[in-house]
Each structure stands twice: as C-alpha cells, then as structure tokens.
Amino acid sequence: LYERGITGTVELRLYVDSTGTVVADSTAIHRSSGHPALDTAALAAVPGLRYTAGTRNGAPAGMALRPTAPLASPGAVQASRARRPSSRLPPTRIR
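Residues numbered from 1 in each chain as written. Predicted model: local features only at pLDDT ≥ 70, side-chain atom pairs only at ≥ 80, totals over all residues. Heavy atoms only, no water.

(A) Highlighting the overall build of the protein chain. The number of helices and strands found in the protein chain is two helices and six strands. For the protein chain, the sequential pattern of α-helices and β-strands runs β-β-α-β-β-β-β-α. Here the analysis covers contacts within the protein chain between residues at least 6 apart in sequence; of these, 63% occur between residues at least 24 apart. Total accessible area on the protein chain is roughly 7200 Å²; 54% of this is exposed by carbon and sulfur atoms. (Helix = DSSP H or I, 4+ residues; strand = E, 2+ residues; numbered from the N terminus. Contact = heavy atoms within 4.5 Å. Areas by Shrake-Rupley, 256 points an atom, 1.4 Å probe, with all protein chains shown as cover.)

This is how it looks when you write it as structure tokens:
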C-alpha cells in the first residue's frame, strides 16, 4: 500500500479510561477507509495512543471517542498537495 500510494481515512471507536489509556477491548472500526489493510494499520496503531484523561465534576473520567485516522504514504501526500491548489491563506503578521 505504501509503495502504491494508497490513502484513506479510518474512523475508530474507542474508550479511554480515567488515566488516559485506551482500553484495548473497546477499539473497533466505526467507519472503514474502504481498504482492509489501512483499517488494520489504524487498529495496530491504537495501543500506542495516549490521551489526557477527561474530567467530570473536576475528577478524571473515562470517555468514549471516535477519532479519525488519515493514513497516507509521504509520497501520496506530496502528490496530493501538488495536484490541488492551496485553499489556505498565507500567514498574517499580527502587530
């Protein structure tokens, strides 16, 4: 996939406990990228994710999340940027 420049975005569903650690059994694909190998890569990356725990009434609390994971090889990202015009404005200097 990397060599072929295949890209996609995977939406995950997971649960983060009150320490910011992803609960392994909670992880699932919420919306597939359309490429099973990219979905597998996104799931494989989850154990390395760390979050700041949420709070409820001032105390650390677990929470459900649905993060998106855009996956692309560096070559695919560069090619994509070269094909489309930039919609971003240049940086503005604030005085």
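(B) Looking closely at the side chain of Ser 26. Assignment of secondary structure puts Ser 26 in the loop between strand S1 (8–16) and strand S2 (28–31). Engagement of the side chain of Ser 26 in a polar contact is seen with the backbone nitrogen of Tyr 15, the distance being 2.8 Å. A distance of 2.5 Å separates a polar atom in the side chain of Ser 26 from the backbone oxygen of Val 23. (Polar contact = N/O pair within 3.5 Å; in protein donor to acceptor, adjacent residues only side chain to side chain.)

(C) Just the environment of Ala 53, in detail. If you trace the backbone, Ala 53 turns up in the loop between helix H1 (36–45) and strand S3 (54–56). Take Ala 53: its relative accessible area is 22%, and that puts it in the partly exposed class. Ala 53 sits 34 residues away from Thr 19 along the chain, and the two C-alpha atoms are 5.6 Å apart. Look past the residues within four positions of Ala 53 in its chain and what remains in contact with it is Asp 17, Ser 18, Thr 19, Gly 20, Pro 60, Ala 61 and Met 63. (Buried < 20%, exposed > 50% of the residue type's maximum accessible area, 1.4 Å probe, protein only.)

(D) Summary view of the confidence of the model for the protein chain. For the protein chain, per-residue confidence averages 78 on the pLDDT scale, and residues scoring 70 or more make up 74% of the total. The weakest mean pLDDT in the protein chain belongs to helix H2 (residues 74–83) at 47; the strongest belongs to S2 at 94. Contacts for the low-pLDDT stretch residues 76–95, under 50 throughout, to residues beyond four places or in other chains number three contacts. (pLDDT = per-residue confidence, 0-100.)

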